[in-house]
There are 2 protein chains.
Amino acid sequence: MRYAPLTQAIQGETVDAWDIHFKATSLKERDPSVIILSIGDPDFDTPASVVDSAITSLRSGDTHYVEIEGRGCLREKIAANHQASSGQTVTKDNVIMLAGAQNALFASSLCILEPGDEAIVLQPNYITYEACIELTGATLVPVAMDTQNHFRLDKATLSAAITTHSKAIYFATPSNPSGMMLRKDELQFIAELAITHDLWVVSDEVYSHTVFEGEHVSISGLDGMAERTITINSLSKSHAMTGWRVGWAIGPIELIKHLSNLSLCMLYGLPGFVQQAAYTALTDPDALAESEKMRLTYQRRRDRLVKCFAKHPQLSCIPPQASMFLLVNVSQSGLNAQQFADALFEQKKISVLPATAFGKCTSDFIRISYVVDDVQLEDACNRIDSFMPQFLHLRTLQR
Amino acid sequence: MRYAPLTQAIQGETVDAWDIHFKATSLKERDPSVIILSIGDPDFDTPASVVDSAITSLRSGDTHYVEIEGRGCLREKIAANHQASSGQTVTKDNVIMLAGAQNALFASSLCILEPGDEAIVLQPNYITYEACIELTGATLVPVAMDTQNHFRLDKATLSAAITTHSKAIYFATPSNPSGMMLRKDELQFIAELAITHDLWVVSDEVYSHTVFEGEHVSISGLDGMAERTITINSLSKSHAMTGWRVGWAIGPIELIKHLSNLSLCMLYGLPGFVQQAAYTALTDPDALAESEKMRLTYQRRRDRLVKCFAKHPQLSCIPPQASMFLLVNVSQSGLNAQQFADALFEQKKISVLPATAFGKCTSDFIRISYVVDDVQLEDACNRIDSFMPQFLHLRTLQR
């Protein structure tokens, strides 16, 4: 049968990035000693009050069609939060609920990109960006962050990447996989370029509530950016709600209107009981306290891992400022990222992702997710400690 | 800002079709005497065992990422049901869970259509088909059913609509809005054309469990059709689960693989607790019994409405074989469909949809949804009885 060319755009190599993860989850069913550090799914339960809220809503018969854009009270709360944190003036009319940040990224791309367009993406970037951009017929133009300098923005490279075909700049801050945040001066630089060249900016901020150090800045609050910024966020990470599929896009009213037309034929709205749960997540003190507790736990885990890697001269790791991931440069081990990940899995039953999937610039790195409890994390650190000496030996030989 | 041309394709006139419905739902907040017969949202609650199943799942922490294609047990059950009813041999590998039949229609269109393609749609058709098809860059080619002859397939018109650009034939059986089903000989005719011209067939069967008379036939079971048919279904109508956003596509394995790649960047799966509820809907005897009770209730309501319209010579109505809708030809009233709907709303506070939105061929019709309880339905029939005499008078004058 004849398929649309779009089907080619969505079957990129990056789909294979999960192979080691799938192998590990499959093995873990038979062997509980496997430690999975390859996925960004929090090990926490969704806060109880959030679950209770969904249950109350379900019991009350909140199982019918809802407003396509999402419930007013929820969008109002999201608008108020965003205004408070970003400084951008918004109302609920600037907000649309979608089925997770992934769906928001997908839908936004459909509304702004077309064949011939170029979308600049700061790399490393989350794996699905490529498919979201290229399925529209646009081309992804990678701009590598400076991996030698704390993943800072390489301003010259970014400027040089802009052409007459440029339509948008995509990034995540905090970043998955690096956990680094764009500084205000970097965002200001991006904003000036976007204004000069009339570009959209798609700012994925799903880790903005999981910040350990530094200040999260939303580019939408900078002068001249409200009209051209799409801010994407969700509750998946902040509230351990990955499976609920609830997220949103914030942008100019005209964009929200287009996204609403798109949602009408793509989704037909989000379940009411999911939206009630989301409202509770954003307003209930217990839910907010649990979210904060998760943040502190991620921070403690990050510290433990950073301490582990600091012991091994073949590994280097910039402590991430946020998120639930860190990148480790393994190039001094004598193995490339894929080999390192394979060896760690085969010898120590720990699954991590070769970060090649997030962009060429991180091909020397592995991504580690710290979404396991303290006992497993300690175990993982010990296994890494016993795994590394072979490479110390190797390195000595190389000298 | 510069938007993608896709945003034009999704803001068709049909979006305005809901104006009278929105006006009515807004008025109903202040005036409970408004009767809303303009939407296809069942007035029933989701069966209790289905809700309980979601709650059990939520309480057990089933709130994390799930398999992109959907849970194996659920897809197995759907495959078994489809095989039993259609005769097509399928396994779970032929099934993918998506966020409702709407999402399945959207995603399928993206995977099979491209700019320059023509997609033939049997009309009247559900409103969102246009956006789903045209956002891919393809053109919707309408083929009107014979409204003068029980909405039967006009074989000559269908044959004549096929060109070298034809890529797919879309239809719903049972149909929304007509409630009529394609007969086996009609489906056989469509199948032969599809095979001869190497076309996809997208068969929307969301009302296949709400059949009053006649046999629902799935085109996927006809010779040579398994490889080219995408069967779309959901639980929204059969189990009063519109707000849950759960549906699926059944098709060749290669298509399911493409849909899975698409879902990875579009949705990232469906909530686990929604899938558990869906599994219960399809397997629990109480849930199935409730679904059957709903069907019988729709049938009784249809009979009541048909009896009402039979009294009024200015109205003609073919009793639908299935669904929760019926079409009434109002052309003998002296008003067009929009005028009739407006007058009925203004004078009698009943909202119905002018069926113009479903295709030119039904521009003389209004669509009535029977999703209100017996008391309201009786009230609606009485209001229609008192509304009609003015047109009888009009008609006498015209003679």
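Rules of the game
The numbering scheme is per chain: residues are counted from 1 as the chain's sequence reads. Here every chain gets a letter starting at A, and every ligand a number starting at 1, in the order they are written. Per-residue local features are limited, in this predicted model, to residues with pLDDT of at least 70; the limit for side-chain atom pairs, both in listing and counting, is 80 or more; totals at the level of whole chains, interfaces and linings are taken over all residues. As a convention, hydrogens and water are excluded, and side-chain values are obtained from all of the structure's heavy atoms. UniProt positions are given in the numbering used here, feature names are shortened, and annotations may be inferred rather than shown by experiment. The secondary structure listing takes helices from DSSP runs of H or I that are at least 4 residues long and strands from runs of E that are at least 2 residues long, numbered from the N terminus. Each residue is placed in one exposure class: buried if its accessible area under a 1.4 Å probe, protein chains only, is under 20% of its type's maximum, exposed if it is over 50%, and partly exposed if it falls in between. Contacts were defined at the residue level, with two residues in contact if any of their heavy atoms lie within 4.5 Å. Per-residue and other accessible areas follow the Shrake-Rupley method at a 1.4 Å probe size, with only the shown protein chains counted as cover for residues. The charged-residue count follows a simple rule in which Lys and Arg add positive charge and Asp and Glu add negative charge, with His and chain termini not counted at all. Positions of charges follow a simple convention, taking NZ of Lys, CZ of Arg, CG of Asp or CD of Glu. Note that domain bounds follow an automatic or database assignment of domains. We define buried area as the total accessible area lost by two parts upon association, computed with a 1.4 Å probe and summed across both. Think of a salt bridge as a Lys or Arg side-chain nitrogen and an Asp or Glu carboxyl oxygen that are within 4 Å of each other. Whenever a nitrogen or oxygen atom comes within 3.5 Å of another N or O atom, the pair is scored as a polar contact, on the condition that within protein one atom can donate a hydrogen and the other can accept it, and that pairs from neighbouring residues in sequence are kept only if both atoms are in side chains. The rule for pairing is simple: two strands pair if DSSP sees at least two bridges between them. To obtain each axis, a line is fitted to C-alpha atoms, and for helices this fit is confined to the stretch in contact; angles are then taken between N-to-C directions over 0 to 180 degrees. Any angle from 65 to 115 degrees is called roughly perpendicular, while one under 35 is roughly parallel, one over 145 is roughly antiparallel, and all others are oblique. In this count, Pro and Cys sit with the nonpolar residues alongside Ala, Val, Leu, Ile, Met, Phe, Trp and Tyr, while Asp, Glu, Lys and Arg are called charged and the others, Gly among them, polar. The copies were overlaid by least squares, fitting only the C-alpha atoms of residues that reach a pLDDT of 70 or more in each copy. Here a helix's expected span is defined as the number of its residues, less one, multiplied by 1.5 Å. Read the arc as the range of directions from the helix axis to the C-beta atoms. Working rule for handedness: look at the near helix, and if it is turned counterclockwise from the far one by less than a right angle, call the crossing left-handed; if clockwise, right-handed.

In the annotation of an unreviewed UniProt entry, chain A is listed under the name Aminotransferase and assigned to Brumicola pallidula DSM 14239 = ACAM 615. Here is the UniProt Cofactor (unreviewed entry) comment for chain A, exactly as written: "pyridoxal 5'-phosphate". Taken from UniProt, the Sequence similarities (unreviewed entry) comment for chain A reads in full: "Belongs to the class-I pyridoxal-phosphate-dependent aminotransferase family."

This part is about the overall build of chain A. Secondary structure summary: chain A contains 14 helices and 13 strands in total. Principal axes of the C-alpha set define a box for chain A whose edges measure 65 × 55 × 50 Å. Looking at chain A as a whole, 65% of its 399 residues qualify as buried. Here the contacts in chain A between residues at least 6 apart in sequence split such that 75% fall between residues at least 24 apart. For chain A, the accessible area works out to roughly 14,200 Å², and carbon and sulfur atoms hold 51% of it. A gap of 5 Å separates the mean positions of the 33 positive and 45 negative side-chain charges of chain A.

Moving on to unusual backbone geometry. The residue after Q123 of chain A, namely P124 of chain A, is reached through a cis peptide bond having omega 5°. Residue P174 of chain B is reached from T173 of chain B by a cis peptide bond, and omega for that bond is -5°. Looking at the secondary structure, you find P174 of chain B in the loop between β5 (166-172) and α8 (184-196). Backbone geometry places F151 of chain A, a non-glycine residue, at a positive phi of 55°. Positionally, F151 of chain A belongs in the loop between β4 (139-144) and α7 (155-161).

All names here are of chain A. With domains assigned, chain A is organised as domain 1 (6-45 + 287-387) and domain 2 (48-284). Across the boundary between the two partners, domain 1 contributes 39 residues, which contact 41 residues of domain 2. The largest per-residue losses of area from domain 1 upon contact with domain 2 belong to A287, Q321 and F358, which jointly make up 20% of the total buried on that side. In this structure, E213 engages R302 in a salt bridge whose closest nitrogen and oxygen atoms are separated by 2.8 Å. Seen at the junction of domain 1 and domain 2, the total is 15 residue pairs in polar contact (both at pLDDT 80 or more). Counting only elements with at least two residues in the side of domain 1 that touches domain 2, the list comes to α1 (6-9), α11 (285-310), β10 (325-329) and β13 (365-369).

In this section: the sheet that holds strand β9 (residues 316-317) of chain B. All names here are of chain B. Reading across from one edge, β9-β10-β13-β12 is the order of the four strands in this open sheet, with antiparallel pairing throughout. Two strands close off the open sheet at either side, each with one partner strand: β9 and β12 (353-354). Pairing geometry for β12 and strand β13 (residues 365-369), over two bridges, is antiparallel. Directly across from P354, in β13, lies its bridge partner I366.

Residue and element names in this part refer to chain B. Across the interface, helix α12 (residues 337-348) lies against helix α13 (residues 374-387) with an axial gap of 11 Å and an inter-helix angle of 110°. When the interaxial angle is binned, α12 and α13 end up roughly perpendicular. For the pair α12 and α13, contact is made by F340, A343, L344, Q347 and K348 and by R383, I384, S386 and F387, respectively. Split by residue class, the contact of α12 with α13 holds five nonpolar, two polar and two charged.

Here we take up the interface of chain B and chain A. Taken together, the contact pairs 74 residues of chain B with 74 residues of chain A. Here chain B packs against chain A, burying approximately 6,200 Å² in sum over the two surfaces, 61% of which is carbon and sulfur. By the criterion of area lost to chain A, the three top residues of chain B are M1, R2 and Y3 of chain B, representing 14% of everything that side buries. Here R59 of chain B and D52 of chain A are joined by a salt bridge, their closest N and O atoms 2.9 Å apart. Scanning the region where chain B abuts chain A turns up 36 residue pairs in polar contact (both at pLDDT 80 or more). Elements supplying a minimum of two residues to the side of chain B that touches chain A: α1 (6-9), α3 (48-59), α5 (100-112), α6 (129-134), β5, α9 (253-266) and α10 (272-283) of chain B. Looking at which element gives the most residues to the side of chain B that touches chain A, the answer is α9 of chain B, with eight residues. A per-class count over the side of chain B that touches chain A returns 42 nonpolar, 18 polar and 14 charged.

On to the relation of the copies chain B and chain A. Its rotation angle being 180°, the transformation that places chain B on chain A also includes 0.0 Å of axial translation and leaves an RMSD of 0.0 Å. Here the transformation between the copies is reduced to the relation of a two-fold axis. Considering only C-alpha atoms, the residue of chain B closest to the rotation axis is I55 of chain B, which sits at 3.0 Å. Of all interface residues in chain B, 100% are interface residues in chain A too; the two copies therefore contact each other through one and the same surface.

Of note, F106 of chain B is situated in helix α5. The class for F106 of chain B is buried, based on a relative accessible area of 0%. Measuring from C-alpha to C-alpha, the distance between F106 of chain B and T136 of chain B comes to 9.4 Å, with 30 residues separating the pair along the chain. When neighbours within four sequence positions are excluded, F106 of chain B is seen to be in contact with F106, L110, L262, C265 and M266 of chain A together with C132, L135 and M266 of chain B.

Think of an α-helix as 3.6 residues a turn; residues three or four steps apart then line up on the same face. Residue and element names in this part refer to chain A. Between its first and last C-alpha atoms helix α4 (residues 72-86) spans 21 Å; for 15 residues at 1.5 Å apiece the expected length is 21 Å, and the two agree. Within the sequence span of α4, burial applies to L74, R75, I78, A79, H82 and S86. Along the axis of α4, the buried positions cluster into a sector of 135°, meaning they face one direction only. Packing partners of the buried residues in α4 comprise β2 (95-98), β7 (229-234), β8 (247-250) and α10 (272-283). Directly after α4, the chain includes G87, whose backbone phi takes a positive value near 85°.

Moving on, we get to the packing of helix α4 (residues 72-86) of chain B against α10 of chain B. Between two packed helices, both the angle of their axes relative to each other and the distance between the axes serve to describe the pair. All names here are of chain B. Put simply, α4 and α10 touch, their axes get as near as 9 Å, and they point 35° apart. Remark: the crossing between α4 and α10 carries left-handed chirality. Here C73, L74, K77, I78 and N81 of α4 come into contact with α10, specifically with Q275, A278, Y279, L282 and T283. A class-by-class count of the residues in the contact of α4 with α10 yields six nonpolar, three polar and one charged.

Residue and element names in this part refer to chain B. Side chains of strand β2 (residues 95-98) alternate between two faces, with V95 and M97 and I96 and L98 buried alike. When β2 meets strand β8 (residues 247-250), the two strands line up antiparallel, connected through four bridges. Note that in β8 the partner of I96 across the bridge is A249.

It is worth spelling out the pattern of salt bridges at this point. Throughout the structure, instances matching the rule amount to 40 salt bridges over all chains. Across the pair D303 of chain A and R302 of chain A runs a salt bridge whose closest N-O atoms are separated by 2.8 Å. We classify R302 of chain A as buried; its relative accessible area is 4%. With a shortest N-O distance of 3.8 Å, K92 of chain B and D93 of chain B are connected by a salt bridge. What emerges from the salt-bridge pattern is a single network uniting R2 of chain A together with D198, E227 and R228 of chain B.

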